[in-house]
Amino acid sequence: MIMPAKTEVARHLRYYRAWERLTLAHPADRAIRMRFEDSAYTLCVLMGECQARTAADAAEQYLRHGTTRPARPGPVNAHL
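Throughout what follows, the structure given in this document is the object of discussion. Here the structure is a predicted model, which means the values were calculated and not measured.

**Brief notes about helix 1 (residues 6–25)**
- Helix length check: helix 1, at 20 residues, gives a terminal C-alpha distance of 28 Å against a target of 28 Å (1.5 Å per residue), a fit within 8%.
- All of the buried residues in helix 1 are V9, H12, L13, Y16, R17, E20 and T23. Axial view of helix 1: buried residues confined to an arc of 140°, hence all on one face. Residues T7, R14, R21 and A25 are exposed on helix 1 and point more than 90 degrees away from its buried face.
- Taken together, the buried residues of helix 1 touch helix 2 (30–47) and helix 3 (52–65).

Shown next, in the form of structure tokens:
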């Protein structure tokens with residue numbers, strides 16, 4: 001899978017978090033809610049996820065470790 005540039009992921013994750021905070025602070029403001037939903041959609045598309053929370057988690061994982069999925073554990077004591 002081709003991954004987006006880390007700078008783009010970081011930028012859109014910052015936008016998502018900022019709009020999330022504003023939405024929580026002003027839950028009745030429709031304009032803020034729309035911007036939050038737009039930022040969530042963009043992050044989902046960038047990260048190839050269907051849910052915003054999962055996309056944000058994947059973005060954080062990608063920025064920390066360079067991968068969006070946890071490493072699969074190898075077999076334990078495979079030589080036994």
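Don't stop here, the text continues.
**Thoughts on the packing of aromatic side chains**
- All told, the structure shown has one aromatic pair when counted by the stated rule.
- Positioned above the aromatic ring of Y62 is the side chain of K6, whose terminal nitrogen or guanidinium carbon lies 5.4 Å from the ring centre.

**Description of the nonpolar core**
- Formed by 13 residues in total, the largest nonpolar core has its most connected members in L13, Y16, L43, M47 and A59.
- For this core, the secondary structure elements donating two or more residues are helix 1, helix 2 and helix 3.
- Residue contacts for A59: discarding those within four places in its chain leaves V9, L13, L43 and M47.

**Things to note about the environment of A5**
- You can see A5 is positioned in the segment before helix 1.
- Sequence-wise, A5 and L46 are 41 residues apart; in three dimensions their C-alpha atoms are separated by 9.7 Å.

Criteria and cut-off values
Residues numbered from 1 in each chain as written. Predicted model: local features only at pLDDT ≥ 70, side-chain atom pairs only at ≥ 80, totals over all residues. Heavy atoms only, no water. Helix = DSSP H or I, 4+ residues; strand = E, 2+ residues; numbered from the N terminus. Expected span 1.5 Å × (residues − 1). Buried < 20%, exposed > 50% of the residue type's maximum accessible area, 1.4 Å probe, protein only. Arc of directions from axis to C-beta. Contact = heavy atoms within 4.5 Å. Phe/Tyr/Trp six-rings, centres within 6.5 Å; stacked < 30°, edge-to-face > 60°. Lys NZ or Arg CZ within 6 Å of the ring centre and 35° of its normal. Core = buried A, V, L, I, M, F, W, Y, C linked by side-chain atoms within 4.5 Å.

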